[in-house]
4 protein chains.
Amino acid sequence: MLRSAIVGSTGYAGLELTRLLLRHPLVAPPLLLSREGQEGGELFSPVDGAMLPIRPFSWELLNQEGIELLFLATPHEVSRAWVPEALDRGLRVVDLSGAWRLRNRDYRAVYKFSDEGEAADSVLSRAVFGMPELHRDQIRDAQLVANPGCYPTSVILPLLPLLKDGLIDVERGIVSDAKSGVTGAGKKPTQGTHFAEVSENFRAYGVFTHRHTGEILEQLGLQPQQLTFSVHLLPIRRGILSSLYFHLRHAATDGDIERSLRKFHTGHCFVRIFSPPRQPEVQHVAYTNFCDIGWTLSPDRKRVMMVSCIDNLGKGAAGQAVQNMNIMYGWNETEGLIG
Amino acid sequence: MLRSAIVGSTGYAGLELTRLLLRHPLVAPPLLLSREGQEGGELFSPVDGAMLPIRPFSWELLNQEGIELLFLATPHEVSRAWVPEALDRGLRVVDLSGAWRLRNRDYRAVYKFSDEGEAADSVLSRAVFGMPELHRDQIRDAQLVANPGCYPTSVILPLLPLLKDGLIDVERGIVSDAKSGVTGAGKKPTQGTHFAEVSENFRAYGVFTHRHTGEILEQLGLQPQQLTFSVHLLPIRRGILSSLYFHLRHAATDGDIERSLRKFHTGHCFVRIFSPPRQPEVQHVAYTNFCDIGWTLSPDRKRVMMVSCIDNLGKGAAGQAVQNMNIMYGWNETEGLIG
Amino acid sequence: MLRSAIVGSTGYAGLELTRLLLRHPLVAPPLLLSREGQEGGELFSPVDGAMLPIRPFSWELLNQEGIELLFLATPHEVSRAWVPEALDRGLRVVDLSGAWRLRNRDYRAVYKFSDEGEAADSVLSRAVFGMPELHRDQIRDAQLVANPGCYPTSVILPLLPLLKDGLIDVERGIVSDAKSGVTGAGKKPTQGTHFAEVSENFRAYGVFTHRHTGEILEQLGLQPQQLTFSVHLLPIRRGILSSLYFHLRHAATDGDIERSLRKFHTGHCFVRIFSPPRQPEVQHVAYTNFCDIGWTLSPDRKRVMMVSCIDNLGKGAAGQAVQNMNIMYGWNETEGLIG
Amino acid sequence: MLRSAIVGSTGYAGLELTRLLLRHPLVAPPLLLSREGQEGGELFSPVDGAMLPIRPFSWELLNQEGIELLFLATPHEVSRAWVPEALDRGLRVVDLSGAWRLRNRDYRAVYKFSDEGEAADSVLSRAVFGMPELHRDQIRDAQLVANPGCYPTSVILPLLPLLKDGLIDVERGIVSDAKSGVTGAGKKPTQGTHFAEVSENFRAYGVFTHRHTGEILEQLGLQPQQLTFSVHLLPIRRGILSSLYFHLRHAATDGDIERSLRKFHTGHCFVRIFSPPRQPEVQHVAYTNFCDIGWTLSPDRKRVMMVSCIDNLGKGAAGQAVQNMNIMYGWNETEGLIG
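Here the structure is a predicted model, which means the values were calculated and not measured.

The next subject is the overall build of chain A. The number of helices and strands found in chain A is twelve helices and 15 strands. In summary, chain A has a C-alpha radius of gyration of 20 Å against a globular reference of 20 Å for 339 residues, a match within 12%. Principal-axis analysis of the C-alpha atoms gives chain A an extent of 65 × 45 × 40 Å. For chain A, the proportion of its 339 residues judged to be buried stands at 57%. Once local pairs closer than 6 in sequence are excluded, the contacts in chain A between residues at least 24 apart make up 69%.

Next up on the list: the relation of the copies chain B and chain A. With an RMSD of 0.0 Å, the operation that places chain B on chain A is a rotation of 180° combined with a shift of 0.0 Å along the axis. Both copies are brought into coincidence by an operation consistent with a two-fold rotation axis. Relative to the rotation axis, the closest C-alpha in chain B is found at Phe195 of chain B, a distance of 2.0 Å. Taken as a fraction of all interface residues of chain B, those also at the interface in chain A reach 100%, which identifies the copy contact as same-surface.

Below, the discussion takes up the sheet that holds strand β2 (residues 31-33) of chain B. Residues and elements named next belong to chain B. Reading across the sheet, the eight strands line up as β3-β4-β2-β1-β5-β6-β8-β7 and stay open at both edges, with mixed pairing between neighbours. Two strands in the sheet have a free side with no partner beyond their single neighbour: β3 (41-44) and β7 (127-129). Each strand of the sheet is rotated relative to its neighbour by a mean of 30°, with strand direction disregarded. Direction of pairing for β3 relative to strand β4 (residues 51-55): antiparallel, over a ladder of four bridges. Bridge assignment links Phe44 to a residue of β4, and that residue is Met51. Each of β7 and β8 (144-146) touches helix α6 (residues 132-141); the most contacted strand, β7, lies at about 155° to it.

Our focus in this paragraph is the pairing of strand β14 (residues 291-297) of chain B. All names here are of chain B. Summarising burial for β14: seven of the seven residues are buried, a large majority. With three bridges connecting them, strand β13 (residues 271-273) and β14 associate as parallel partners. For Val271, the partnering residue across the bridge sits in β14 and is Cys291.

Moving on, we get to the pairing of strand β12 (residues 240-247) of chain D. All names here are of chain D. For β12, a buried count of eight out of eight residues is recorded, marking the element as mostly surrounded by other parts of the structure. Relative to β12, strand β9 (residues 174-180) is paired through six bridges, and the arrangement is antiparallel. Note that in β12 the partner of Ser180 across the bridge is Ile240. As paired elements, β12 and strand β15 (residues 303-310) share eight bridges and run antiparallel to each other. From the neighbouring strand, Phe246 faces β15, where its bridge partner is Val304.

The next thing to look at is the relation of the copies chain A and chain C. When chain A is fitted to chain C, the best match, at an RMSD of 0.0 Å, comes from turning it 180° and sliding it 0.0 Å along the axis. Both copies contact each other with a shared surface, as 100% of the interface residues of chain A are interface residues in chain C too.

Residue Pro277 of chain A is bonded to the preceding Pro276 of chain A through a cis peptide linkage, with omega at 5°. By secondary structure assignment, the location of Pro277 of chain A is in the loop between β13 (271-273) and α11 (282-285). Positive phi, normally seen in glycine, also occurs at Arg301 of chain D, with a value near 60°. Within the secondary structure, Arg301 of chain D sits in the loop between β14 (291-297) and β15.

Right, let's get into the interface of chain B and chain A. Of the residues lining the interface, 14 residues belong to chain B; the matching set on chain A comes to 14 residues. Broken down by element, the residue count for the side of chain B that touches chain A peaks at three residues, all from helix α8 (residues 195-198) of chain B. Of the residues in the side of chain B that touches chain A, the class split is six nonpolar, six polar and two charged.

Before going further, it helps to examine the environment of Ile327 of chain C. Residue and element names in this part refer to chain C. Structurally, the position occupied by Ile327 is in helix α12 (residues 314-328). Along the backbone, Ile327 and Leu96 are 231 residues apart, and their C-alpha atoms lie at a distance of 16 Å. Apart from the residues lying within four places of it in its own chain, the contact partners of Ile327 are Pro132, Arg136, Ile139, Arg140 and Glu333.

A common way to report how large an interface is uses the accessible area buried once the components associate. The interface is formed by 36 residues belonging to chain A together with 36 residues belonging to chain C. Breaking the side of chain A that touches chain C down by element, the ones donating at least two residues are β9 (174-180), β10 (203-205), β11 (227-233), β12 (240-247), α11 and β15 (303-310) of chain A. In terms of residues, the side of chain A that touches chain C owes the most to one element, β12 of chain A, which gives four residues. Classifying every residue of the side of chain A that touches chain C by side-chain character gives 15 nonpolar, twelve polar and nine charged.

Turning to the packing of helix α7 (residues 150-164) of chain C against helix α10 (residues 254-264) of chain C, a few remarks are in order. Residues and elements named next belong to chain C. Relative orientation of the contacting elements α7 and α10 amounts to 110°, with a least axis distance of 9 Å. By the criterion of interaxial angle, the relationship of α7 to α10 is roughly perpendicular. In this structure, α7 contributes Leu160, Pro161, Leu162 and Lys164 to the contact, and α10 contributes Ile257, Ser260, Leu261, Lys263 and Phe264. Broken down by class, the residue content of the contact of α7 with α10 amounts to six nonpolar, one polar and two charged.

Parameters and conventions
Residues numbered from 1 in each chain as written. Chains lettered and ligands numbered in written order. Predicted model: local features only at pLDDT ≥ 70, side-chain atom pairs only at ≥ 80, totals over all residues. Helix = DSSP H or I, 4+ residues; strand = E, 2+ residues; numbered from the N terminus. Rg over C-alpha atoms; globule rule 2.2 N^0.38 Å. Buried ≥ 20, exposed ≤ 12 C-beta atoms within 10 Å, placed from the backbone. Contact = placed C-beta atoms within 7 Å. Least-squares fit on C-alpha atoms with pLDDT ≥ 70 in both. Pairing = 2+ DSSP bridges. Axes fitted to C-alpha atoms, helices over the stretch in contact; angles between N-to-C directions. Nonpolar A, V, L, I, M, F, W, Y, C, P; charged D, E, K, R; others polar. Parallel < 35°, antiparallel > 145°, perpendicular 65-115°, else oblique.

Here it is, written out as structure tokens:
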């Protein structure tokens, strides 16, 4: 049984990760840790309601408990600060924050990291972007897996196949209109997450400036002016639906699009391709690790609207982290993630 | 045109009050004031979207602006501190807080007022509990109206007629199981009002200890052991539904109950009595000043379940405050409140 | 007092129209009518809870009651069948359905009208597309006003100014990603409107094929390949948010866009222009007749995301119908619509 | 691997049951069957999205497929009609309907069974009320398990311990104010389950007359006049919270109540007792088979408000059905139900 630890189990992604690890057949119950300097406490187990102890973080404790794998569900500054020492101590790390996802320093600027420099670059060079459908081989041997953002997961998986096959006219621009449930905004109570400001409401936020934009551009190999990326807040707890709009380089058929998607995603057990007229819905992916993809071709067969759905806490965060762990340890990729 | 001022227009009750006063035909646009010591700002008008100035509070400003009527949508401590001076300066006050509602010092203990004493007692003796269906004549001439709490409004209006007529066996106890929308919990973001903790959830809180209990007991003339009062948080923005359970002293008919209700509420333009099998629903009172009342008799005709619905921001707060103002100034009681 | 009648007052748009007419100071309480051949009944008044009679439709009844203005909140086939006779009888008509909105026969094909021909063309030639911001002068004298669809209202008002000013590069295509609350889907219970299929869910529907597409193209003077229009179902009762994406012909500033919008919408009392970074939200237009418009410019200043919000039952249906009535009778355009 | 079949897999309870059986380690994928005379079809697998065939029901098919255990998620009339033959053919049956739960003919009257008589009585005499915490031993050997209703599950589990211990003053009456999510109302679209009639709304229904009343009375050994049972519709998908009010025979302490609950529920792995001030919430039981129980004692220690929460599709239907199956086949009671 693998011994792992989670820092940040009280946030929404950390709690879902705790739930998934507690029911995983090959992993011992994870050690739950508060952030360095914070007190411990208790967590109501999302599996059986037991009160699980949260212990104050220390490297010694990790050592004593024989921890091999460290999950960080922490703010990105914390991940920047801790990962170097974790790697030095020989731990493997799956980091759910945005700390180690981006190669391009311009895209990283949005995070305002205070530790940019050679040491950080050295860590970064060992980080693998943890999207199994793109980087499975590198994940297998990675010491540091940078778990992708929720929005990028929902945008990259549907678009990459068609981009690789040259179907999309990138010069005319791709529009990605994403909508997310409220758990994606974190657990800290704010005016913007107050029930009375979300329920019976809907609004856009972070247009052109969302910090997930860089991840999408980098993984898709697009230039900034080729992608218009916006996000909206849905009055639901969990789930993302991304509506993707683009022009085709040549008029195509549903068959052309389906072939491209199915070819790329062959063997990707968590990507489900829906043939028209079937369309993904958030409710079909909630509480799962699936990414559902559908599309509609315009009557002139030159434009496409694609729709993808994920659970922002599942494939968009904790589920994908467990999927990465499964790969890192050579297990069945679906272990603990279906049913 | 009456000149009035609102302190606390950015809270949910204060915002609804602003909306109602802005559309009231006999009232000038209210002066919006921040709490003493706080900066001013702007308020997005709930009527037409104009940016309304919020000015820092001062007694001089009230004087300069010729304010006659002061609405306090403030925490009860603020109301306790300000009302004595307001009365001294000759202002009339409608206070939406719990500061001046209770005669019984035991019931007041829950508020932990720091200024209990002769001066406060003197103010209190001039306060009228602002429920027009009970105290219309006193409200007319009151200098200080203590606007009722939202839960008490939903409990007192249906129960009082039957209590007065001696229909209820109070010795067997009355159960009041109330459920409220989230705006009743105030605008301050907390873990308990985070969308992801309220949506798809439901929970009880404040059982046996809610600070509105005293108001209900006092207005209904009940002893503490005769009322079991509980409250729950509904995943909706606005609205309260109270389910009331009691035994009858003698087996009765629907006609008996209906007569009692209609007799008491004759001429009460905001109380609607629904004959069985029609039942109140929150959606019919949302955004109104109505209190809807229905009931069901047990097959043995000895027990009753009554149901009442109000909008916690309407009849439960701002609407009732405007109704009180209408009475204080001798206007039609429904002025500005219907449609 | 104008005497009017509503056919279809039990649907969501018809009910909101009833509410607005009941509180309108210049209109008598409307005569409520069932569809020909259907029985009458009663309607719980959305204003004061009185039970309003719904009478079986007949032309004689309209005549007896001295009805001048007929509102049709009916399926489009019913409006096609009734409007010719209504006009013959000298009635003025505001039709909320899609029956008489489209000039282009290709766009009309989606409705599959069975009565296409000279007679219908003659009626159509007298119909005015009832969007006051575009056709106020014609509405004033119209005998037949074709009240616009909800989605088109939310798309045309923000885009038309920039199109007229030649700011938008239409050759690169406009994307309109619209999201609507459930009342837009009508009152008939279906699997798709069941609470358990909508709550905590989100999905696209009607991509490239929604029957409102023709209205948008026709009023904006666009060709089909220039607009990608999609719609999604939001888990809210009321409100539409449309996200609009386009390329500019030349790099522009926020000032350029704001000038274009404000110039066109000068004097349009229900259109509110929000300067960046302020963004429209559905909650600010719910239960109003406003259309709020905001936008964000891309960092390269060549692309724009615009956001517009309306209440689908307000400016998207009943509110706009009342606004049209106000113009038809020479009243203040905001009469009965603010507050 | 046990071979089982489900009739009614497209309803909400049937779908949840399908999900639970598909992930159960000791059960083969269930045979999905339409009701006799209805066509088959396909079901989107709630586990992995595969399209599962639904085959037309026939006894021959059950035989061919070697089915041992038949789950009926069907209307009660269907269960009445099929169970006798199923038993004759040697099948074991878990029936999720109300067909075989009640011994008392008066309580059964609400179902208006057309087949009352000796044959039905004979079947009934073999039926076991499938609540493991009450009847585990009989369930083990039962050929026919009548799976309890959702509301009764939430009411019986918290009340029975205190009733057995004589703590409750039943003569003063017990009030059970229950609130349920919309999946409890079934999948058929109706006016009452339309999103726009449920969202931002709340209402009572079925007061004093709900057909689950008899189950509660019978299992608790109460007389009709001793229980006031009401139900309300919550704007959530899944979950029941029951608020239970009663007087104690003698003043008691929290310790007295806790002892009674813990004694009875020792070894009941799906019942969680929360000590004050902790309170159950619907979100902690959603998507689980748990029943959470909490309580609050009045200041005079003579009255109690208990709160219980279950998932109406979990412990209230499909989860309890799987728990019963686990007992019937001698497996670990939690098999397939935790995590």
